[in-house]
Structures are given as C-alpha cells and as structure tokens.
Amino acid sequence: MKRIFGRTKSLRPLDTHYCSGCGHGVVHRLLAEAIDELNIRGITIGVTPVGCAVVAYDYWDFDCVESAHGRGLAVATAIKRLQPEKVVFTYQGDGDLAAIGTAETIHAANRGENLTVVFINNAVYGMTGGQMAPTTLIGQKSATSPLGRNEKTEGYPLRISELLAQLQGVYSVERTAVDSVYGILKTKNAIKTAFQNQMENKGFSLVEVLSACPTYWDMSAFESLDWIKNKMSKVFPLGRIK
Amino acid sequence: MAYIKLDQEKCKGCMLCIEVCPKGQLKPGVALNKKGINPVMFLAQDCSGCTFCAIICPDTAIEVYK
C-alpha cells in the first residue's frame, strides 16, 4: 500500500485555527503542494496579510514575512527587488487587497512587479466579525448590513480582478473557486501557473479564489459551497480574465 | 483495497467529505474528539481510493493509501 495523498513538506502537521468548512485550509494546502511540486521551497518567501490568514506563516514550512494591513504588495515589492532570485508571493483576503490595500495593489500591478498574488475572496471581513466588505454581494446580509447590501447606499461588489486586468503591467489574472473537487484542482493549476510565470520573469500574476465562509454566511459548509456555485460565481464569473 | 487514514483530532466536522464520497464510505461519528465535535467515521468497506474526500477536506485530516 502506497500513500497517494497526504501533507507535503511545506505544510506543517498542525491544526489550523480556521472555522469548520473554511476555504483557507484548502488554499493553504494547494499553495504548499504547488511549491513542493515546483521544488522551490528553499527560495520561496511568502507575505501574509492581516485578516483570518494572519498566522498563515505558522502553517507553512518556508520563509514568510508579515505585512501591515493591505500593504502586502508593497512589502513583496521590496523583497523581490532586493532579492530577485527568490520566488515571492502574497496571500491576501478581500478586506486586505480590495479595501484598505487598494492603492498598494493597483500601483504594484501597474508597475508590473514580478510577483504572484493569491487573493482569497469570501465576500465578508471574517477576522473582525463578518462586516460588509467591498466584495459583499447585493442583498447579502452581514454584521454591518443587517438588511442586506443596498447598492444605492453601499455601492456594488468590487470586481478588483477585472479592474487590475485593465492595467498594462499585469501579465495574468485568473478567477477560480474552491467549491468542488474540480474547482480545487483547477485552483491548484492556476496557482502553479502563477508561480511559473514569476519564475519565467513574465510579470504580475494574480489568482482570485472564491472561498467559503460558512460562519459569517450563516450556512452549513455544504450550503456555502452551493452558494458559491449559484450566487457568488454569477457576480464574480470564473475563468481566465487576462 | 484502498483505504484512508482519518485524523480524528484534526477533523472539525464540516462533513464535506461525506457529501463528495461516491461510494458513501464516510458517515458522522459518535464519539467526541478534543475539540468537542463529532469527527467523521470511515466505514472501510468499499473504498476506491479516488481521493475526493482528501481533496475537499479543509483541514488536511485525510491521508489516502492505495
């Protein structure tokens, strides 16, 4: 009997602090698998965000740097410019990348920094208690929009990936979802391709991952995957954007 | 026959593996783990080693052997 599936070297054998059914755990594993398959564990530097994934560096067995809220891409830019032989990626949520860090994100993309960005979109601020994020869907209830998001007062869900795809400096933008076995395998491929782009000096690559937050969506884990399939991916269409 | 090793202490009971198993080899357990939740139980009757349960598991609690 041979082990055909299990933890790879880059993923420490620890319990995560994430809620039951959270998509972060899956994406952590996919990142670790991609890094081990490309054999770049020794030269990878991750930049972790502020948000639910703030202690992601505990779960990965490679070098990481913690950044201030939203400033992940500014920190990553400095690391990559000082050590261009390293593979640098940021792991950011929607409150981090699309709200407080919008300026840093847009300018790093516009400069065409040779970085890989993994952007977790779960349509709420998870760490602080489920408040409305820029990516919250119209009509979606959250702690700060208890009657549902109203586009007249709170605006529309921000499609930051489409926005970044307009910029000349950006090499590739892809949106996937960890809502099924197929979706998870596709996400892994997208992450691996984004790393390969960086290793071939092609430029800024972003992978947006639609991920479940059963706790603040007030659903079971399985219902939340259904919600991604039926509601969220209608507003954030999946596939290669650039 | 293929089989899985399920780490009962890592399981958070989201039950996603139960939904994706094509052979219905997983079901909610009866004993509580240290986290105070019912971890999933493996029936070990007809596992094909498709790894679907391990792929969808958010806590990487499942190892698959074939």
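The coordinates are above.
These figures come from a predicted structure and were not determined experimentally.

Participant: Looking at this structure, I do not really get the interface of chain A and chain B. What am I missing?
Facilitator: With 22 residues of chain A in contact, the opposing surface of chain B contributes 21 residues. Looking at the side of chain A that touches chain B element by element, the count peaks at four residues for helix H1 (residues 23-37) of chain A. Looking at side-chain class alone, the side of chain A that touches chain B contains 11 nonpolar, six polar and five charged residues. Here strand E1 (residues 3-5) of chain A runs beside strand E4 (residues 62-65) of chain B; their pairing, made up of two bridges, is antiparallel. Residue pairing across strands places A:Phe5 opposite B:Val64, the latter belonging to E4(B).

Participant: I would appreciate a short explanation of the sheet that holds strand E3 (residues 63-66) of chain A in the present structure.
Facilitator: Where strands meet in a sheet, backbone hydrogen bonds hold them as pairs that are either parallel or antiparallel. All names here are of chain A. With respect to topology, seven strands assemble into an open sheet ordered E3-E2-E4-E5-E9-E8-E10, the strand pairing being mixed. Each edge of the open sheet is held by one strand with a lone partner, namely E3 and strand E10 (239-240). Along the sheet, helix H8 (residues 181-199) contacts strand E4 (87-93), strand E5 (116-121), strand E8 (170-177) and strand E9 (204-210); its crossing angle with E8, the most-contacted strand, is approximately 165 degrees.

Participant: Teacher, can you tell me more about the packing of helix H3 (residues 72-82) of chain A against helix H5 (residues 102-110) of chain A here?
Facilitator: Helix packing geometry: the angle between the two helix axes and the distance between the axes. Residues and elements named next belong to chain A. At a minimum axis distance of 7 Å, the contact between H3 and H5 shows a crossing angle of 40 degrees. Contact residues: Leu 73, Ala 74 and Thr 77 in H3; Glu 104, Thr 105 and Ala 108 in H5. Looking at the contact of H3 with H5 residue by residue, the class counts come to three nonpolar, two polar and one charged.

Participant: Help me out: how do you make sense of the packing of H1(A) against H8(A) in this one?
Facilitator: All names here are of chain A. Two elements in contact, H1 and H8, have axes separated by 9 Å at closest approach and are oriented at 45 degrees. As the angle between them shows, H1 and H8 are arranged oblique. Between H1 and H8 lies a crossing whose hand is right-handed. Of the residues in H8, those in contact with Val 26, Leu 30, Leu 31, Glu 33, Ala 34 and Glu 37 of H1 are Ile 184, Thr 187, Lys 188, Ile 191, Lys 192 and Phe 195. Per-class residue counts for the contact of H1 with H8 are seven nonpolar, one polar and four charged.

Thresholds applied
Residues numbered from 1 in each chain as written. Chains lettered and ligands numbered in written order. Predicted model: local features only at pLDDT ≥ 70, side-chain atom pairs only at ≥ 80, totals over all residues. Contact = placed C-beta atoms within 7 Å. Helix = DSSP H or I, 4+ residues; strand = E, 2+ residues; numbered from the N terminus. Nonpolar A, V, L, I, M, F, W, Y, C, P; charged D, E, K, R; others polar. Pairing = 2+ DSSP bridges. Axes fitted to C-alpha atoms, helices over the stretch in contact; angles between N-to-C directions. Parallel < 35°, antiparallel > 145°, perpendicular 65-115°, else oblique. Left-handed = near helix turned anticlockwise from the far one by under 90°.

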